[in-house]
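# Summary of structural features
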Amino acid sequence: MMGRAGWFALVTLALVMLSSPVSAAYETEFEDPVLRERYQGLLDELRCLVCQNQTIAESNAKLAEDLRERVREMLRKGKGDEAIIDYMVQRYGDFVRYRPPLKTSTVLLWTGPFLLLLIGGVTVWIAVRRRARGERGQGHLSADEREQARRLLGEDEQEGRT
Amino acid sequence: MVKRYLPLAIFGLLVVFLAIGLTLNARLIPSPYIGKQAPAFEVPRLAQPERMISKADLKGQVSLLNVWATWCVSCRQEHDVLMRLAESDQVAIYGLNYKDERDKALRWLDRFGNPYTANAFDQEGQVGIDWGVYGTPETFVIDSTGVIRYKHTGPLTYEVVANEILPLVQRLRGGRTG
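A short tour of the structure in this document, coming up. Since this is a predicted model, take the numbers as computed values, not measurements.

Criteria and thresholds
Counting from 1, residues in each chain are numbered in the order their sequence is written. Working convention: letters from A go to chains and numbers from 1 go to ligands, in the order in which they are written. Given that the model is predicted, a residue must reach a pLDDT of at least 70 before its local features are reported, and side-chain atom pairs must reach 80 or more before they are shown or counted; all residues, however, enter totals for whole chains, interfaces and linings. The side-chain values count all of the structure's non-hydrogen atoms but skip hydrogen atoms and water molecules. Helix and strand definitions follow DSSP, with helices as H or I runs of at least four residues and strands as E runs of at least two, each counted in order from the N terminus. Partly exposed residues are those whose accessible area sits between 20% and 50% of the maximum for their type, while under 20% is buried and over 50% is exposed, using a 1.4 Å probe and protein chains only. Residue contacts are counted whenever heavy atoms from the two residues lie within 4.5 Å of one another. The Shrake-Rupley method, run with a 1.4 Å probe, gives the accessible areas here. Residue values count only the displayed protein chains as cover. A helix is expected to reach a length of 1.5 Å times the quantity of its residues less one.

### Points about the overall build of chain A
Along chain A, the regular secondary structure elements total 6 helices and 0 strands. In chain A, the order of α-helices and β-strands from amino to carboxyl end is α-α-α-α-α-α. Classification of the 162 residues of chain A by burial places 24% in the buried group. Taking the contacts inside chain A whose residues are at least 6 apart along the sequence as the reference set, 47% of them involve residues at least 24 apart. Element-wise, carbon and sulfur atoms account for 61% of the exposed surface of chain A, whose accessible area totals about 12,100 Å².

### Considerations on the environment of Ala92(B)
All names here are of chain B. Structurally, the position occupied by Ala-92 is in strand β4 (residues 92-98). Separated by 26 residues in sequence, Ala-92 and Ala-118 place their C-alpha atoms 9.2 Å apart. Every residue in contact with Ala-92, bar those within four places of it in the chain, is listed here: Gln-61, Val-62, Ser-63, Leu-64 and Thr-117.

### As for helix α3 (residues 62-76) of chain A
The terminal C-alpha atoms of α3(A), which comprises 15 residues, lie 21 Å apart, in line with the 21 Å expected from a rise of 1.5 Å per residue. In the core, the buried residues of α3(A) are packed alongside α2 (33-45) and α4 (81-92) of chain A together with β4 and α4 (126-130) of chain B. Directly beyond the C-terminal end of α3(A), a positive phi value near 85° is found at Gly78(A).

The following block contains the structure:
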């Protein structure tokens, strides 16, 4: 059984995993709550090109800082969310988006997990069915086969003793 | 006994895919600008702050645009390659000095040599953003009409210059005269 320390470690670990990463300090917050929300929403949509598994909100990279500044500037000028995302995609490609659009080049990216789930499901289903059928069949040995089995097992036993 | 070898076949396929995955570099992001007009820019020159340099200066010839900075460690690494390429006089090399300090950059060129025909001084990094620069050094090949034909991310090597850049430059030149 797990000791008290073990449980403590487990709970701590779970809490750490549950908490969302704290976003890097935003340089200038917007006073307007609508703008602030749009700003944060946009930052979470955009990938930092330097440290690729972070959004530009989370990243401390210099480039992410510059891109945040650019987003703020465009928001202040009254640009729409679409226009801002387009601005980034035009320069850095679809890769800058955390949710890339569905295109021929990204079909596998979007459908891959479901395909794998389907393949896994079918495999399990076939395996389960085969096992069920196999177990039913095992009990049906003919009289000859039983005799042969007993002989083989019996002989083995005798050999083992001598 | 097809079924017997099915797991082996699947395993083989997996190995092939993973092997391909190992050779790919996730850091290399394809530039959306390949085959498109290079973004316009106009910034002061590095050596002559009073004079501007713009995309128009690059037109009319095949050229390279090399993005560099003194704070960029691998730029030092590729500098000798650039020097050698400049000495061979095969293609005009323009520089985009990215988010740097002017005096530091000028000192760098004094010390290690200047392979550039001219340098654009992009202090704010705006040109860099417009060109989709995400990691220095980066090198673009631009044809005589101002279309970006190729981009190399990371330090240039003699191999890249010999196998990728120079053949492409030759091809682009041939297309223009022929």
